[in-house]
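Observations on the model geometry
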Amino acid sequence: MAGNPERRAALVDAGVEVLAREGARGLTFRAVDAAAGVPVGTASNYFTGRDDLLRQIDARVHVRLAPDPAVVAELMTRPRDRSLVTAFMHDLTRRATRDRTGYLALLELRLEATRRPELRASYTRSVRADLEEGIRFHRTAGLPGGDETVTVLYLAMLGLLLEHLTLPEALDGVLPGVGVPEGLVERIVATVLPQV
């Protein structure tokens, strides 16, 4: 396998773009080469196969969508109450919206994992690790609510982001006077954490 880390990163990012735009069936080495603007055959020198590329896309998208440590540090200066949890959910929504392509690639990975057992095991581990990290962070930060709160927020936000990034019109006006996605984030947190 070729060893240029910058080129490998560019190919993985190109793979993210192809996966989000074309779906898993369109994710070919040739399509990745074209998206990266490199000669045909380049991607095949960097990845052992399609599963290798998919695993590296999974890892890369998690990095792209990860919270900014400076944002987390600023948020952690606030009181540990429901408004802080809401601020974290707004940050999550902004990150997913800003890197819509990355989030759509994650959704495509979920679908592909239903068809490929070897990817399913790997992807399940990465998603579970993210959820467990969210639970650990919530506990360590002293945020209100417990593990159940984090799990329910995770599920609710997953649904909100799925609709917002794929079929945003489906949410328009569903709750009169509630903005999408900001107002829905507020409602989700208030419902899951009703205490002040």
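Below, the structure is looked at part by part. (Residues numbered from 1 in each chain as written. Predicted model: local features only at pLDDT ≥ 70, side-chain atom pairs only at ≥ 80, totals over all residues. Heavy atoms only, no water.)

1. Details of the packing of aromatic side chains
Under the defined criterion, the tally for this structure stands at two aromatic pairs. The interplanar angle of 80° and the centroid separation of 5.3 Å between the aromatic rings of Phe 88 and Phe 137 together place this pair among those described as edge-to-face. Here Phe 137 lies in helix H7 (residues 117–141) and Phe 88 lies in helix H5 (residues 82–98), a separation of 49 residues in the sequence. The exposure class assigned to Phe 137 is partly exposed, which follows from its relative accessible area of 24%. Residue placement shows Arg 8 over the ring face of Phe 47; its charged tip is 5.6 Å from the ring centre. (Phe/Tyr/Trp six-rings, centres within 6.5 Å; stacked < 30°, edge-to-face > 60°. Helix = DSSP H or I, 4+ residues; strand = E, 2+ residues; numbered from the N terminus. Buried < 20%, exposed > 50% of the residue type's maximum accessible area, 1.4 Å probe, protein only. Lys NZ or Arg CZ within 6 Å of the ring centre and 35° of its normal.)

2. A word on the nonpolar core
Counting residues in each nonpolar core, the largest one holds 32 residues, and the members touching the most others are Leu 19, Leu 27, Ile 57, Tyr 103 and Leu 109. Those elements that provide at least two residues to this core are helix H1 (5–22), helix H3 (50–64), helix H6 (100–115), H7 and helix H8 (147–166). Leaving out residues up to four positions away in the same chain, Leu 19 has contacts with Ala 24, Leu 27, Leu 54, Ile 57, Ala 105, Glu 108 and Leu 109. (Core = buried A, V, L, I, M, F, W, Y, C linked by side-chain atoms within 4.5 Å. Contact = heavy atoms within 4.5 Å.)

3. As for the pattern of salt bridges
Tallying each qualifying case throughout the model produces 15 salt bridges. One salt bridge connects Glu 132 with Arg 128, and the closest N-O pair in it is separated by 2.9 Å. On the criterion of helical spacing, the pair formed by Glu 132 and Arg 128 is a turn pair, its members being four residues apart in helix H7. On the basis of relative accessibility, which here comes to 43%, the residue Glu 132 falls in the partly exposed class. Connected through salt bridges with shared partners, the residues Arg 50, Asp 51, Glu 112, Arg 115, Arg 116 and Glu 118 form a single ionic network. (Salt bridge = Lys/Arg side-chain N within 4 Å of Asp/Glu carboxyl O.)

Geometry only, nothing functional implied.
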